[in-house]
Amino acid sequence: MTGPARFKGIAASIGVAVGAARLVGREPRRISHRRIEDADIASELSRFEEAVLKSRAEIEAAKQELTDRHGPTYAPILDVYLLMHGDALLIDATSEAIRNDRINAEWALSKVTERLKKPLLEDASSYFQERARDIEHVREHLLRHLRGERRTECSTEGPTVLIAHDLTPADAVHMLAPPTVGLVTEAGAGSSHTAILARTFGVPAVVGVGPLAAHIDDDDVVLVDGFAGEVAVRVSPDERRTAEQRRDRFAAFLEAERTTSAMTRDGVSISVAANLELPNDVQAALENGAEGIGLYRTEFMCLDSLEPPSEEAQLEVYRGVVEAMAPKRVVFRTFDWRGDKRLRARDVKQRERGWLTTQINAVLRASTEGQVALMFPMVSTVDEFRAARAMVDRCRSQLSDERARTAEVPIGMMVEVPAAALLAERFTEYADFFAVGTNDLAHYTLAFDHRDNRSAMQSLDPAVLNLLQRIIAAASDAQLPCSMCGDLAADPVALCLALGLGYREISVPVSVVPLARAVIRNVDLHTATEVARDALGCGSAEAVRDLVVDRLDDDLGPLWREQGIV
Ligand code: PEP
Ligand code: MG
């Protein structure tokens, strides 16, 4: 193939990468459909069993590799896949299909996985979409072994950019290491396990790009822009040089920004905390100078398991995080189950109530090791929040550890449902703090699909901005701490607007902390406040962005351009 080509996808891991394309797995291959005779059932079953054993062994090896490279914390990501290799609904059901329907193993496996995926895919939430993808990953692994194919190895000399239809987490562990410097996938979402691993390993990634295979060959030069979610192939030597310079500047910038302060040009201190998904990221949060954990997405510890870990197991993980961050604060968010995550005062199912109690106990007990706060997601009515608080009080009163019973643990709420944003002032009487979730707030205000790539941009819609202003005004009037932990604060342009609206505490992905501080140091709050006021009257998210870029160009233009953000 000749001539440059460009693609847009979801920015899943920041940074710039330049390397030679390495195509792995490409398109999902056609599945062979074969009817079998009674006499062949036994051998087909043992062929399937052998594939399961080989696939399992490969994931065990990846788990060991992950543990060697990054400690034990990430192992649960792969445990999920190991569990699926013993799952009755998947593995036993496939054997049954081979036996009862008299079909070959590949066909049986794809029948069963399609059946398992169907209800998950019917739910628009990204959580269930990702769980469907996990099933696909296990299927792909098993199919590879059924076909007797080996995993593609990264044999290319020098920096390599992996181009895949999708990468299973086990393959990601194996392949997101030198010489791999970047990752591009046709499928996938920013919240997938593979995207999390790319962020963990510091590999710039763009996912969900759509069909690529016809446009890229092995060894084509690929530029990955993990800020803008852009991929360019076979570019001119000049463009390549520019990208390499950007890559090097960003690495130097990160190094230099690790210990800087977050004070605006006009001398106002802004608190920059980190969002945490996996406990090991605490180290990176500390290295990047985060002032605490502003949002601990605890549901990531459950991944695909059928239920959360026991109270003792949670306590051990939470204690580790709280101790490591002490005396900085860790804000735990109770499990936020996608799709069905609403906390309902009256009809919380008994089982979920039990899980919540277990988690609240673990958080309260961990609070003796440092500074802890607890908050609830997706709150929409005052009654719900009061019921949640009452639950915490009940848990607290029943703890046997006197220190845990009396430890100060502020109880807050995420403001991310428009109903709560509209009536924010009514919640100030009951909540100890607000944490604003701009991702869900934009989603529910504008009724767009979570899978829509443009969702980050839509957070700037004037309707969302007006809600953000209501929330911060209500919090300020009541002198209630209020932070912003949604992705709007992580966008170097939108962050200026958040500051202009009055937000003084933010929490962003660990890798974005240094960049957020650099943006803050270049903002003049007086100007940002005027821009925010005008932005509220704009007609669209695009107009808001243009306004901010134009009006703050003197102060921020050099930084934005330096990092290739505008
Ligand atoms: C949000 O909705 O903005 C948020 C921070 O929560 P999550 O992204 O985990 O839903
Ligand atoms: Mg949310």
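Source: prediction; values computed, not measured.

Caption draft 1: Expanded view of the overall build of the protein. Tallying secondary structure elements over the protein gives 23 helices and 16 strands in all. What you see for the protein is a C-alpha radius of gyration of 24 Å, in line with the 24 Å of a compact globule of 566 residues. Across its three principal axes, the protein shows a C-alpha extent of roughly 80 × 65 × 40 Å. A buried classification covers 56% of the 566 residues belonging to the protein.

Caption draft 2: Seen up close, the coordination of the magnesium ion (ligand 2). On the protein side, the magnesium ion (ligand 2) has Glu 416 (OE) and Asp 440 (OD) as donor atoms, found 2.0 to 2.1 Å from it. With Glu 416 in the loop between strand 13 (411-415) and helix 14 (418-422) and Asp 440 in helix 16 (residues 438-446), this residue pair connects regions lying 24 residues apart in the sequence. Relative accessible area serves as the criterion here: at 6%, Asp 440 is assigned to the buried category.

Caption draft 3: Summary view of the sheet that holds strand 8 (residues 230-233). Here 8 strands make up an open sheet; going across it, the order is 1-8-7-3-4-5-6-2 and the pairing mixed. Looking at which strands have only one partner, the edges of the open sheet turn out to be strand 1 (5-8) and strand 2 (10-13). Sheet twist, expressed as the average angle between the axes of neighbouring strands with direction ignored, equals 30°. Pairing analysis gives 3 bridges linking strand 2 to strand 6 (residues 205-207), with the strands arranged antiparallel. Within strand 6, the position partnered with Ile 10 by the bridge is Val 207. Together, strand 2, strand 5 (180-185) and strand 6 form the strand contacts of helix 7 (residues 193-201), whose direction differs from that of strand 2 by roughly 55°.

Caption draft 4: Region of the structure containing the pairing of strand 7 (residues 221-225). Most of strand 7 is tucked away, with 4 of its 5 residues classed as buried. Of the strand pairs in this sheet, strand 3 (residues 16-24) and strand 7 are connected by 5 bridges, and their pairing is antiparallel. Bridge pairing links Ala 20 to Val 221 in strand 7. Bridge count between strand 7 and strand 8: 4 bridges; the pairing is antiparallel. Each residue of the ladder has a partner; that of Val 222, found in strand 8, is Val 233. Taking the residues between adjacent antiparallel strands as the criterion, strand 7 and strand 8 are bridged by 4 residues, where Gly 229 takes a positive phi near 70°.

Caption draft 5: Quick look at the site of ligand 1. Near ligand 1 there are 14 residues, and of these Arg 297, Arg 333, Gly 437, Asn 439 and Asp 440 occur at the shortest range. Take Arg 297: an N or O atom from its side chain is 2.7 Å from an oxygen atom of ligand 1. Taking Thr 438, its main chain carries an N or O atom lying 3.0 Å from an oxygen atom of ligand 1. For ligand 1, whose accessible area on its own is 280 Å², the fraction buried by protein is 96%. Secondary-structure elements contributing two or more residues to the shell around ligand 1 are strand 10 (292-297) and helix 16. Counting residues per element, the shell around ligand 1 draws most heavily on helix 16, which supplies 3 residues. When grouped by side-chain class, the residues that make up the shell around ligand 1 number 3 nonpolar, 4 polar and 7 charged.

Caption draft 6: Expanded view of the environment of Val 221. One can find Val 221 in strand 7. By relative accessible area, which is 23% here, Val 221 ends up partly exposed. In this structure the C-alpha to C-alpha distance between Val 221 and Val 161, which are 60 residues apart in sequence, comes to 8.5 Å. In this structure Val 221 touches Val 18, Gly 19, Ala 232, Val 233, Arg 234 and Arg 240, once residues within four positions along its chain are discounted.

Caption draft 7: Seen up close, the domain arrangement of the protein. Looking at the assigned domains, one finds that the protein contains domain 1 (5-25 + 153-235), domain 2 (38-146) and domain 3 (260-562). Its C-alpha centre places domain 1 at a distance of 29 Å from the equivalent point of domain 3.

Caption draft 8: Summary view of the sheet that holds strand 15 (residues 482-484). Here we have 8 strands rolled up into a closed barrel, ordered 9-10-11-12-13-14-15-16, and parallel in their pairing. Each strand axis lies, on average, 30° off the axis of its neighbour in the sheet, ignoring direction. Of the strand pairs in this sheet, strand 9 (residues 271-276) and strand 10 are connected by 3 bridges, and their pairing is parallel. By the bridge assignment, Leu 276 is partnered in strand 10 with Tyr 296.

Caption draft 9: Structural context of the nonpolar core. In terms of nonpolar packing, the biggest core is built from 114 residues, with Phe 434, Leu 468, Ile 471 and Tyr 503 touching the most fellow members. Three or more residues apiece are contributed to this core by two domains, here domain 1 (5-25 + 153-235) and domain 3 (260-562). If near-sequence neighbours (up to four positions away) are discounted, Phe 434 is found in contact with Met 413, Val 415, Ala 424, Phe 427, Thr 428, Ile 471, Ala 475, Leu 480, Pro 481, Cys 482 and Ser 483. Judged by nonpolar contacts, the second largest core, of 55 residues, contains Leu 120, Ala 172, Phe 201 and Val 203.

Caption draft 10: Structural context of the pattern of salt bridges. All chains considered together, the criterion is met by 34 salt bridges. Arg 47 is the salt-bridge partner of Glu 44, the closest N and O atoms lying 2.8 Å from each other. One end of the pair, Glu 44, and the other, Arg 47, are both in helix 1 (residues 41-70), 3 residues apart, so they sit about a helical turn from each other. Under the relative-accessibility criterion, Glu 44 is labelled buried at 6%. Each of the salt bridges in this network shares a partner with another, and the network as a whole consists of Glu 114, Lys 117, Glu 136, Arg 139 and Glu 140.

Caption draft 11: Summary view of the packing of aromatic side chains. Here the structure, examined in full by the defined rule, presents 6 aromatic pairs. Ring pairs connect the aromatic residues Phe 227, Phe 250 and Phe 253, which therefore count as one cluster. The ring of Phe 433 carries Arg 329 above its face, with NZ or CZ at 5.1 Å from the centroid.

Caption draft 12: Here's a closer look at the packing of helix 8 (residues 237-257) against helix 20 (residues 513-522). Axis separation between helix 8 and helix 20 bottoms out at 9 Å; the angle between their running directions is 80°. The angle between the axes of helix 8 and helix 20 places the two elements in the roughly perpendicular class. Counting all contacts with helix 8, which are made through Phe 253, Leu 254 and Glu 257, the residues of helix 20 involved are Pro 514, Leu 515, Arg 517, Ala 518 and Arg 521. Looking at the contact of helix 8 with helix 20 residue by residue, the class counts come to 5 nonpolar, no polar and 3 charged.

So, how was this worked out
- Residues numbered from 1 in each chain as written.
- Chains lettered and ligands numbered in written order.
- Predicted model: local features only at pLDDT ≥ 70, side-chain atom pairs only at ≥ 80, totals over all residues.
- Heavy atoms only, no water.
- Helix = DSSP H or I, 4+ residues; strand = E, 2+ residues; numbered from the N terminus.
- Rg over C-alpha atoms; globule rule 2.2 N^0.38 Å.
- Buried < 20%, exposed > 50% of the residue type's maximum accessible area, 1.4 Å probe, protein only.
- Donors = N, O, S within 2.8 Å, 3.2 Å for Na, K, Ca; no water.
- Pairing = 2+ DSSP bridges.
- Axes fitted to C-alpha atoms, helices over the stretch in contact; angles between N-to-C directions.
- Contact = heavy atoms within 4.5 Å.
- Near = heavy atom within 4 Å.
- Polar contact = N/O pair within 3.5 Å; in protein donor to acceptor, adjacent residues only side chain to side chain.
- Areas by Shrake-Rupley, 256 points an atom, 1.4 Å probe, with all protein chains shown as cover.
- Nonpolar A, V, L, I, M, F, W, Y, C, P; charged D, E, K, R; others polar.
- Domains from an automatic or database assignment.
- Core = buried A, V, L, I, M, F, W, Y, C linked by side-chain atoms within 4.5 Å.
- Salt bridge = Lys/Arg side-chain N within 4 Å of Asp/Glu carboxyl O.
- Phe/Tyr/Trp six-rings, centres within 6.5 Å; stacked < 30°, edge-to-face > 60°.
- Lys NZ or Arg CZ within 6 Å of the ring centre and 35° of its normal.
- Parallel < 35°, antiparallel > 145°, perpendicular 65-115°, else oblique.

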